[in-house]
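Each chain is listed here by its residues.
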Amino acid sequence: MTMEKVERVRRALAGAPVDRPPISFWWHNFARENSADELAAETVEQFRRYDWDIIKIQSRATVFAEGWGVRYRPSTAREASPVMTAWPVRSPQDLAAVRPLDSSTGALGEQVTALRAVRRAAGSGAPILHTVFAPA
């Protein structure tokens, strides 16, 4: 019996028998993660191309640092990471200016927009996993 993706993932997480282990994979395509639209399109294209069970959202590599003022020159090549061009914390005293991020604006807001676009495009039958890294 072939299971639907959501059922396969739920059963596997519960330790119940499944028809096969759920699979997923992620990587950065640095050239296509510079906007919410491109990140969402790349994510859904890979999910469909490889028929994965889980969509692993891979945020733009620089998203969290950008929120606190680090600046990058975006990459135009799939395999080449962005280049840091400026950073705001140069001494321990500079840490006093670090504040919580607003998830509705800036680079973090773009990632939330991408996540919503992925959900719309993939539909409810696709489990989504999003990694949130610690900024430190």
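You'll find the structure just up there.
In this convention, every chain numbers its residues from 1, walking through the sequence in written order. Side-chain atom pairs in this predicted model are given and counted only at pLDDT of 80 or more, local residue features only at pLDDT of at least 70, and totals for whole chains, interfaces and linings cover all residues. Working from all heavy atoms in the structure, the side-chain values ignore hydrogens and water.

1. Details of the overall build of the protein chain
Strands are runs of DSSP state E lasting at least 2 residues, helices are runs of H or I lasting at least 4, and numbering of each runs from the N terminus. A tally of regular secondary structure across the protein chain gives four helices and four strands. From first element to last, N terminus to C terminus, the protein chain shows the α and β order α-α-β-α-β-β-α-β. In terms of overall dimensions, the protein chain has C-alpha extents of about 60 × 30 × 25 Å along its principal axes. Expressed as a percentage of its 136 residues, the buried residues of the protein chain come to 32%. Contacts were defined at the residue level, with two residues in contact if any of their heavy atoms lie within 4.5 Å. Excluding contacts between residues fewer than 6 apart, the proportion of contacts in the protein chain whose partners are at least 24 apart in sequence is 59%. Looking at the protein chain as shown, the accessible area adds up to about 8500 Å², and 58% of this sits on carbon and sulfur atoms. Here the protein chain holds 18 positive side-chain charges and 15 negative ones, and the gap between their average locations is 2 Å. Relative accessibility decides the category of a residue: with a 1.4 Å probe and only protein chains considered, values under 20% of the type maximum give buried, values over 50% give exposed, and everything between is partly exposed. Using a 1.4 Å probe, accessible areas were evaluated by the Shrake-Rupley method; residue-level cover was limited to the displayed protein chains. Under the convention used here, Asp and Glu are negative, Lys and Arg are positive, and both His and the chain ends fall outside the count. To locate a charge, take atom NZ for lysine, CZ for arginine, CG for aspartate or CD for glutamate.

2. Description of the nonpolar core
Think of a nonpolar core as a cluster: buried Ala, Val, Leu, Ile, Met, Phe, Trp, Tyr and Cys residues, connected wherever their side-chain atoms sit within 4.5 Å. Residues Ala40, Phe47, Ile55, Ala114, Val118 and Ala126 are the most contacted members of the largest nonpolar core, which totals 13 residues. Of all the secondary structure elements, the ones that give two or more residues to this core are α2 (36-50), β1 (55-57) and α4 (106-122). Ranked by residues supplied to this core, first place goes to α2 with five residues. Those residues in contact with valine 118 that lie beyond four places of it in its chain are Ala40, Thr43, Val44, Ile55, Ile57, Gly123 and Ile128.

3. Some details on the packing of aromatic side chains
Any pair of Phe, Tyr and Trp rings, taking the six-membered ring for Trp, is counted once the centres come within 6.5 Å. Such a pair is stacked with planes under 30 degrees apart, edge-to-face with planes over 60 apart, and tilted for the rest. For the coordinates displayed, the defined rule picks out four aromatic pairs. Summarising the aromatic geometry, the rings of phenylalanine 25 and tryptophan 27 are spaced 5.6 Å apart at their centres and angled 50° between planes, so their arrangement reads as tilted. Of the residues examined, phenylalanine 25 reaches a relative accessible area of 49% and is grouped as partly exposed. With a centroid separation of 5.2 Å and 20° between ring planes, the pair formed by tyrosine 50 and tryptophan 52 is classed as stacked. Of note, lysine 56 hangs over the ring of tryptophan 26, and the distance from its end group to the ring centre comes to 5.1 Å. The rule is short: NZ of Lys or CZ of Arg within 6 Å of the ring centre and within 35 degrees of the ring normal puts a charge over the ring.

4. Describing the pattern of salt bridges
We define a salt bridge as a side-chain nitrogen of Lys or Arg found within 4 Å of a carboxyl oxygen belonging to Asp or Glu. Within the structure shown, the criterion is met by ten salt bridges. Close ionic contact of arginine 78 with glutamate 42 constitutes a salt bridge, the shortest N to O distance being 3.3 Å. You can see arginine 78 sitting in the loop between β2 (71-73) and β3 (83-86) and its partner glutamate 42 sitting in helix α2, a full 36 residues away along the chain. Overall, glutamate 42 belongs to the buried group, its relative accessible area being 8%.

5. Topic: the packing of α2 against α4
Helices that pack against each other are described as a pair by the angle of their axes relative to one another and the distance between those axes. Lines fitted to C-alpha atoms define the axes, with helix axes restricted to the stretch in contact, and inter-axis angles between N-to-C directions lie between 0 and 180 degrees. The interhelical angle for the contact between α2 and α4, taken along N-to-C directions, is 40°, at an axis separation of 8 Å. Relative to α4, α2 is oriented so that their crossing is right-handed. Taking contact as the criterion, the partners of Ala36, Leu39, Ala40, Thr43, Val44 and Arg48 in α2 are, on α4, Glu110, Gln111, Thr113, Ala114, Ala117, Val118, Ala121 and Ala122. Looking at the contact of α2 with α4 residue by residue, the class counts come to nine nonpolar, three polar and two charged. By convention the crossing between two helices is left-handed if the near helix lies anticlockwise of the far one by an angle smaller than a right angle, and right-handed if it lies clockwise. When residues are sorted by character, Ala, Val, Leu, Ile, Met, Phe, Trp, Tyr, Cys and Pro go into the nonpolar class, Asp, Glu, Lys and Arg into the charged class, and all the rest, Gly among them, into the polar class.

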